[in-house]
Amino acid sequence: MALLSRVVCPHCHRLTLRGKFCINCGKELPAELAAEPPAAAQATPQPPVEAAPQQAQQPPTTPQPPTPEPITAEEVAEERKLVEQLSKLHSWSLKLVDLFLDGEVPLNVFTELYEEYRSRINTLDQKRLEMVNRTSERIQELTQRSESLKIRHEVNEISDRDYIRQKIEIDKELSRLRPKLSILENPLEIRLADIPSFTEGLSKRIETLKEKGESAGLSPQQVQNIIADMQSLLDACQGLVQQHAKIQHEIKKLETRYKIGELKQDEYLAQRQRLERQLELTF
């Protein structure tokens, strides 16, 4: 799915699709993020307003900086390319294991190709983890700066103008970094709807390797290494597993609300469609 149709949720600060609700936290998105921006918005001239009689001054409210523009595909190109490479290597590696266990690949060919894929995966994954750490640290630093800035503004240490200027700079960088982190934290390109079958397949492979690995010609150390690789993939899927379970839980709640008459049919169908669209996403 194209990243051009995605925006950053102002509540959880994660990448989500344009729409009424955030696909991550479920909160309602502001109107400007819910729909595609119009091709050309023209300001309607307003008639001059006569000065109203002076009233008692209200306590100043914290000025709100404008919402940062959605991130573009070009801005996450490096992260996306890295994850795509990792995803392909993982896919090839798993298919190779399946062919070997089915007796379609000789042991020497399997060993050579698997070690090649494993080496490339480890190299790319090391780079990915370095980027994750670097990005996470910068996000934490910017978040702390934003909190400090807010306090300094509330105690009148800095003016409204300086607060808005600095807040815009911080939010702009955060809006670029958070989608990058979301991509990097998921080295597998897989739909949420496919997560249960994918993790089940990994678990079955692990059991098959325990039973047949050594009899197929693999050494105990080779069996342990391959199982460790697959267990790492299972661990990497846990965040997606939790998201899938959360969406399925929300669908069940929605069905119950509809059955007891709390929701009308059009409301039920609209909300169910929104949830089901989330299951089609890859992260």
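Residues numbered from 1 in each chain as written. Predicted model: local features only at pLDDT ≥ 70, side-chain atom pairs only at ≥ 80, totals over all residues. Heavy atoms only, no water.

Let's talk about helix α6 (residues 220–236)
Piece 1. The end-to-end C-alpha separation of α6 is 24 Å, in line with the 24 Å expected for 17 residues at 1.5 Å each.
Piece 2. Within α6, burial applies to Val223, Ile226, Ile227, Met230, Leu233 and Leu234. Taken end-on, α6 shows its buried residues confined to a sector of 110 degrees, consistent with a single buried face.
Piece 3. Buried positions along α6 lie against α2 (77–101), α3 (107–154), α5 (195–212) and α7 (238–259). (Helix = DSSP H or I, 4+ residues; strand = E, 2+ residues; numbered from the N terminus. Expected span 1.5 Å × (residues − 1). Buried < 20%, exposed > 50% of the residue type's maximum accessible area, 1.4 Å probe, protein only. Arc of directions from axis to C-beta. Contact = heavy atoms within 4.5 Å.)

Observations concerning the environment of Thr256
Piece 1. Tracing the chain through its elements places Thr256 in helix α7.
Piece 2. Looking at Thr256, its side chain comes within polar contact range of the main-chain oxygen of Lys252, at 2.9 Å. (Polar contact = N/O pair within 3.5 Å; in protein donor to acceptor, adjacent residues only side chain to side chain.)

Description of the side chain of Ser175
Piece 1. As for its position among the elements, Ser175 is in helix α4 (residues 160–184).
Piece 2. A distance of 3.2 Å separates the side chain of Ser175 from the side chain of Arg176, its partner in a polar contact.

Examining unusual backbone geometry
Both trends apply: most residues other than glycine have a negative phi, and most peptide bonds are in trans.
Piece 1. Phi at Asn156 takes a positive value of approximately 65 degrees, unusual for a residue other than glycine.
Piece 2. Positionally, Asn156 belongs in the loop between α3 and α4.

Considerations on the nonpolar core
Piece 1. Within the largest apolar cluster, 50 residues are counted, with the highest numbers of intra-cluster contacts made by Val97, Phe110, Leu209, Ile226 and Met230.
Piece 2. Contributions of two or more residues to this core are made by α2, α3, α4, α5, α6, α7 and α8 (265–279).
Piece 3. A total of 10 residues in this core trace back to one element, the largest contributor, which is α3.
Piece 4. When residues no more than four places from it in sequence are discounted, the contact partners of Leu209 are Val97, Leu101, Leu218, Val223, Ile226, Ile227 and Met230. (Core = buried A, V, L, I, M, F, W, Y, C linked by side-chain atoms within 4.5 Å.)

Re the pattern of salt bridges
Piece 1. Summed over the entire model, instances satisfying the criterion amount to 20 salt bridges.
Piece 2. The residue Glu116 makes a salt bridge to Arg120 at a minimum N-O spacing of 3.5 Å. Highlighted residues: Glu116 and Arg120, both in helix α3, separated by 4 residues, approximately one helical turn.
Piece 3. When its relative accessible area of 39% is taken as the criterion, Arg120 is described as partly exposed.
Piece 4. Here Lys210 and Glu207 are joined by a salt bridge, their closest N and O atoms 3.8 Å apart. Of this pair, Lys210 and Glu207 both sit in helix α5, 3 residues apart, which is roughly one turn of that helix. (Salt bridge = Lys/Arg side-chain N within 4 Å of Asp/Glu carboxyl O.)

Concerning the environment of Cys237
Piece 1. By the secondary structure assignment, Cys237 is in the loop between α6 and α7.
Piece 2. Counting along the chain gives 49 residues from Cys237 to Leu188, while the straight-line C-alpha distance between them is 8.1 Å.

A closer look at the packing of aromatic side chains
Pairs of aromatic rings are described using the distance from one ring centre to the other and the angle between the two planes.
Piece 1. All chains considered together, the criterion is met by 4 aromatic pairs.
Piece 2. A centroid spacing of 5.6 Å and a plane angle of 25 degrees characterise the contact between Phe110 and Tyr114, whose relative ring orientation is stacked. Remark: Tyr114 and Phe110 occur in helix α3; sequence separation between them is 4 residues, near one turn of the helix. Across this residue pair, the class does not change: Phe110 and Tyr114 are buried.
Piece 3. Between Tyr258 and Tyr268, the ring centres sit 4.4 Å apart and the planes meet at 10 degrees, which makes this aromatic pair stacked. Separated by 10 residues along the polypeptide, Tyr258 in helix α7 and Tyr268 in helix α8 bring together distant segments of the chain.
Piece 4. According to the relative accessible area criterion, Tyr268 is buried, its value standing at 12%. (Phe/Tyr/Trp six-rings, centres within 6.5 Å; stacked < 30°, edge-to-face > 60°.)

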